[in-house]
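Breakdown of the fold
The primary structure of each chain is shown beneath.
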Amino acid sequence: MPVNDDLQKAQRFREAALPYLDDVYTLARYLLRDASDAEDAVQECYLRALKHFDSYRGPAMKPWLFAILRNVCNAEYARRAHRPSAIEDTPGAAEQTPIWQESEASPETEVLRSRDAGAIRKLIDALAEPFRETFVLREINNLSYREIAEAVGAPVGTVMSRLARARAMLRAAWTAEEEQAK
Amino acid sequence: MTCDEARILLHALLDNELDAGHARDVEAHIASCPDCAAEFAAQREMQRVLADTNLRYTAPASLRARIEASLPQAQRQQPSRRSVLRGFAMGSAVSALAASGVVALVLRQDDQQRILSEVVSAHLRSLQAGHLTDVVSTDQHTVKPWFNGKLDVAPPVIDLTAQGFTLVGGRLDYIDARAIGAVVYKRRQHVVNLFVSQTSNTEYRTPKTETMQGFNCRRWSNRGLNFWAVSDIGADELAEFVDKFEAAMKANVEG
Ligand SMILES: [Zn+2]
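Residues numbered from 1 in each chain as written. Chains lettered and ligands numbered in written order. Predicted model: local features only at pLDDT ≥ 70, side-chain atom pairs only at ≥ 80, totals over all residues. Heavy atoms only, no water.

Let's talk about the overall build of chain A
Under the convention used in this document: Secondary structure elements follow DSSP: runs of H or I of four or more residues count as helices, runs of E of two or more count as strands, with numbering from the N terminus. Exposure is judged per residue with a 1.4 Å probe applied to protein chains only, and the accessible area is read against the type maximum: over 50% gives exposed, under 20% gives buried, and values in between give partly exposed. Contacts were defined at the residue level, with two residues in contact if any of their heavy atoms lie within 4.5 Å. Note on areas: Shrake-Rupley, 1.4 Å probe, and residue coverage restricted to the protein chains presented here.
Looking only at helices and strands, chain A features 9 helices and 0 strands. When the helices and strands of chain A are read in sequence order from the N terminus, they spell out α-α-α-α-α-α-α-α-α. By the burial criterion, 52% of the 182 residues in chain A qualify as buried. For chain A, the proportion of contacts with a sequence separation of at least 24, taken over those separated by at least 6, is 72%. When the accessible area of chain A is evaluated, it comes to approximately 8,400 Å², of which 50% is carbon and sulfur surface.

Spelled out as C-alpha cells, the structure:
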C-alpha cells in the first residue's frame, strides 16, 4: 500500500537523518551567519534530503546531509553576492598566499588564552569561504578529511590546504585580538 | 620535505589523518625545523582550546517541529480540520500509521475551538426527540457491532452501568462533515454523549474540561483515538465518567 511505503520511508528517514539536526543546524549557522536564514536552509535541506532519500546508499549520513545543505546555502550565497568577511575577502588570492605569513612574529612565546565561545564563534564567522566551511566541518562537525572532500565535492588535497590556511588565519586573528587587548 | 608541505601536513598529523610513513616524515621535518615546530605547537594549542569550547549550536525546537510537520505524511494529513476526524480505522492500515507514531497531529487552537463547538452542537441535536440513538440497547455486544460497516471500525463501546453510567445506545453523527461514532450513556436523566474519532496521534493527552453553551465537554486522546464526552452533568461527575471509562478500557486492553 503506497501510504504505508511512504510512511515507512519517512520513518526510516526520520531515524537516519533527524539525529543530525544539530550538526546540520550548526553548519548552517556558520555558513550563513544568521539564525533565521540557517533555520530556513536546514528545513529546505531536510525536505530535499527526504526527496532523494531513495537514492541514498550510505553509509555516512552526516556528510550526505552536509552536501545537500551546501547546495541550499549556495543559492543563498548567490543571492547575497558575497557578504564581506573581515579577515580575507578574496578566497582565490588567499589560497595562493603562503600560509605561514601571519604567524612569523615569535610564535614560540604565544599562548592562546581561553576565550568564551561567543568570541571564538565571531573569529570563525570572520573567516572567508571556503576556509570557514572546511574549518567548521573538521573542527566542529568532526568530519574526516575524506568526508569533508565528499561533502564539499573537492579533492582531499584541496581540503588539506584549505584547512591549513583556515587555521593559520584563525590563529593570526586570535593572537592579533589578544595583542590589542594587552 | 619542504616547509610548504610541512605547513599543510602538520595539520593532518594533528588530526590523525596521516598513515605511519607520512607521519614519520612530518615528525622528522618538525624535529629539524624550529619554524615548523613552533607552528605545530601553536596549532596544537589552538586545537586544545577549541576542543574545550562548545562551538556547536542547538537547533531550536520550533525548527525541529517545522521539519516534522513538513514530512510528506504530515502534508497528506495536514494537521488541520480536514484530518481531525477521519472515522475509525483501528486494526486497518491506518492504525498501523497511527501506531508508528510518525504523524504528530497538532491542532491549532481555533480548530480545537471550532471542533468543540461542533461537538456541543451535535450533543444538542441529539437531545431533540428521536435523535438520541440509532441503535437502542444497554448491551455493548449489540451496540458495538451496529457500528460495523457504518464506520471503518467500531468505536469502543463499554457498558458502565455498574459504575453508574448506563449505556443506552449508539448513533452516527456528523462533525466536520464526516461521520463519527457517538456512544450514548445516561446518568440519572442526564445524557452523556461520548464522541470518538480516530486520530493519527497515538500520544496520550490528559483529559481537559471545557464549558460551552452551558455544557461540560471533557476531551482527551488515548490509543490513537480522540474522545469528547459532553453532558450537562457537573464537571466532577463528567470527570468521574471519563475516569471510569478509561479504567474499563485499560482493563479490556490488558484483559
Ligand atoms: Zn619547516
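Overview of the nonpolar core
Quick reminder of the rule: In this text, buried Ala, Val, Leu, Ile, Met, Phe, Trp, Tyr and Cys residues form a nonpolar core when linked through side-chain atoms within 4.5 Å.
In terms of nonpolar packing, the biggest core is built from 59 residues, with Val42(A), Tyr46(A), Leu69(A), Ile124(A) and Leu170(A) touching the most fellow members. Setting aside residues up to four positions removed in sequence, Val42(A) forms contacts with Leu21(A), Val24(A), Tyr25(A), Ala28(A), Leu69(A), Leu63(B) and Ile67(B). Membership of the second largest hydrophobic core comes to 27 residues, among which are Val135(B), Phe147(B), Trp220(B) and Leu238(B).

Re helix 3 (residues 35-51) of chain A
All names here are of chain A. Applicable threshold: A helix is expected to span 1.5 Å for every residue after the first. Residues adjacent in sequence count toward polar contacts only when both atoms are side-chain atoms; beyond that, a polar contact is any pair of N or O atoms within 3.5 Å, and within protein one must be able to donate a hydrogen and the other to accept it.
Its 17 residues give helix 3 an end-to-end C-alpha distance of 25 Å, which sits within 8% of 24 Å, the value for a rise of 1.5 Å per residue. Listed as buried for helix 3 are Ala-38, Glu-39, Ala-41, Val-42, Gln-43, Cys-45, Tyr-46, Ala-49 and Leu-50. The N-capping residue of helix 3, defined by a side-chain oxygen 3.1 Å from the backbone nitrogen of Ser-36, is Asp-34.

Some thoughts on the coordination of the zinc ion
All names here are of chain B. Short version of the rule: Distances define the donors: N, O and S atoms within 2.8 Å of the metal qualify, as do those within 3.2 Å of Na, K or Ca. Water is excluded, so some sites may look unfinished. Site shape is set this way: if four donors have all angles between 85 and 135 degrees, tetrahedral; if opposite donors are over 155 degrees apart and all others between 65 and 115, square planar for four donors and octahedral for six; otherwise irregular.
Here the zinc ion is held by the protein donor atoms Cys-3 (SG), His-29 (NE2), Cys-33 (SG) and Cys-36 (SG), which lie 2.1 to 2.4 Å from it. Geometry at the zinc ion is tetrahedral, judged from its 4 donor atoms and the angles of 100 to 120° they form at the metal. Between the donor residues of the zinc ion, the gaps in sequence give the motif C-x25-H-x3-C-x2-C. Like His-29, the residue Cys-36 is buried in the burial classification.

Overview of helix 2 (residues 21-32) of chain A
Note on helix geometry: an α-helix contains 3.6 residues per turn, so any two residues three or four positions apart are oriented the same way. Residues and elements named next belong to chain A. The end-to-end C-alpha distance of helix 2 is 16 Å, a good match for the 16 Å that 12 residues give at a rise of 1.5 Å each. Within helix 2, 11 of the 12 residues are buried, leaving the element largely enclosed by the surrounding structure. Listing the buried residues of helix 2 in full gives Leu-21, Asp-23, Val-24, Tyr-25, Thr-26, Leu-27, Ala-28, Arg-29, Tyr-30, Leu-31 and Leu-32. Within two residues after helix 2, Arg-33 carries a phi angle of roughly 55°, on the positive side.

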